[in-house]
Amino acid sequence: MKGAHQVVIENKRLRYDFTIHRNITVIRGNSATGKTTLIGMLSLYQQDGEASGVRLSCDKACVVINSVRWQENLAVIRDSIVFIDEDDHFVKSQEFAEAIQASDNYYVIITRDRLPSLPYSVTEIYGIRVSGKYAGLKQVYNEFYRIYGNTADAEKADICVTEDSNSGYQFLKYALAEHSSEMTCVSASGKSNIPAKILALKDRHPLVFADGAAFGPEMERVDRLREQGFHLLLFLPESFEWLILKSALINEGEVSRILEQPEDFIESREYFSWERFFTDLLRRKTNRTYLHYDKAEINPAYLQDSVSSQIVAEFPEKVKKLLGIYEKK
């Protein structure tokens, strides 16, 4: 499945209206926020159709599954939006992650727990907003480029932390060495290690650079550290590869169209996360060119001033200011 899909479900008392954009959407929130009501209405419609008093409008089938024979039920569901309630703990298992990895369904998971086996985006974590008889989804972390931190923190960063030591880290380390006299760059050796890295840098002001397309499982832990008084900022583009594509180094109409509306081009059956799609797209578009891309080892061509400057230009102004890379020192 690909594309964005609007879901409208209603009865005489309440109407939910929201749009699903990716293969994994997470809805979270405390009790009495409407999550159980949404699943209940969908379950009634699934059982009795409009005779239940519930009306459903969507261009895709909407299906609720629970822990009873979930593997068998999931195996026969195709091209549907699958809803799963927070009491169904199988969603935290590696078996579930493997079962949906090559699926052509979209999944809406209601949970207050972290789901480390699933690569969901920071932009697809929602709460439920209820206003009178109407309800929709509200984004908890709602920008591709987002810096989290209070006002005092937002003016200071003294070290950059990346999630791994691949090409994104190598590029940023080079950019800092070229443009900043003080800032250093370190790797957390995996996105799940970022909270521990922040703890180890308690007296510092780290700016964390990670792939927003798959950082959702870590977001709550990191944000909790900020609330506890740790000084940190986050820079979460979709991925480093997305930044390169957005820089217009590859001047193709197809790339521009994809970046404008990625959900229309990313088939969930082929790509478990958007980060994988953008990596594959960049590799294909640069194959047999001087910009050929290798995720493990940065191509020196990307470190040339004319090229690196175009990539850095895609950083938000606040990030460039914090990193001190407006101009060479």
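Residues numbered from 1 in each chain as written. Predicted model: local features only at pLDDT ≥ 70, side-chain atom pairs only at ≥ 80, totals over all residues. Heavy atoms only, no water.

## Topic: the pairing of strand β7 (residues 106-110)
Counting buried positions along β7 gives five out of five residues, so the element sits mostly inside the fold. Neither face of β7 is left uncovered, since the one carrying Tyr106, Val108 and Ile110 and the one carrying Tyr107 and Ile109 both have all their residues buried. Pairing between strand β3 (residues 24-27) and β7: four bridges, direction parallel. Looking across to β7, one finds that Thr25 is bridged to Val108. For the crossover that starts at strand β6 (residues 80-84), traverses helix α3 (residues 94-100) and ends in the parallel β7, the hand is right-handed. (Buried < 20%, exposed > 50% of the residue type's maximum accessible area, 1.4 Å probe, protein only. Helix = DSSP H or I, 4+ residues; strand = E, 2+ residues; numbered from the N terminus. Pairing = 2+ DSSP bridges. Right-handed = clockwise from strand over helix to strand, strands pointing away.)

## Regarding the side chain of Thr25
In this structure, Thr25 sits in strand β3. Thr25 gets classed as buried once you look at its relative accessible area, which sits at 0%. In this structure Thr25 touches Ile20, Tyr107, Val108, Ile109, Glu124 and Tyr126, once residues within four positions along its chain are discounted. (Contact = heavy atoms within 4.5 Å.)

## Side note on the domain arrangement of the protein
We note that the domain assignment places domain 1 (5-146) and domain 2 (159-323) within the protein. Between the C-alpha centres of domain 1 and domain 2 there is a distance of 29 Å. Taking both partners together, domain 1 and domain 2 bury about 2,400 Å²; carbon and sulfur atoms supply 53% of that area. Where domain 1 packs against domain 2, one counts three salt bridges. (Domains from an automatic or database assignment. Buried area = accessible area lost by both parts, 1.4 Å probe. Salt bridge = Lys/Arg side-chain N within 4 Å of Asp/Glu carboxyl O.)

## Quick look at helix α10 (residues 305-312)
When we look at burial in α10, the residues that qualify are Val307, Ser308, Ile311 and Val312. Here the buried residues of α10 occupy an arc of 130 degrees about the axis, which is enough to place them on one side. Residues of α10 that are buried make contact with α4 (167-179), α7 (240-246) and α11 (317-323). (Arc of directions from axis to C-beta.)

## Notes on the pairing of strand β5 (residues 61-65)
Burial within β5 is extensive, with four of its five residues counted as buried. Where β5 meets β6, five bridges bridge the pair, whose relative direction is parallel. Within the sheet, the bridge partner assigned to Val63 lies in β6 and is Val82. Once you follow β5 into helix α2 (residues 70-75) and on to β6, the crossover reads as right-handed.

## A few points about the pattern of salt bridges
Pairing is possible between side chains that carry opposite charge, provided their charged atoms lie close to one another. Per the counting criterion, the structure on display carries 23 salt bridges. With its nearest N and O atoms 3.7 Å apart, the salt bridge here joins Glu124 to Arg22. Of this pair, Glu124 sits in the loop between β7 and β8 (125-131) while Arg22 sits in the loop between β2 (15-20) and β3; the two residues are 102 residues apart in sequence, bridging distant segments of the chain. The class for Glu124 is buried, based on a relative accessible area of 4%. Residues joined by salt bridges that share partners form a network here, namely Glu10, Arg15, Asp17 and Arg55.

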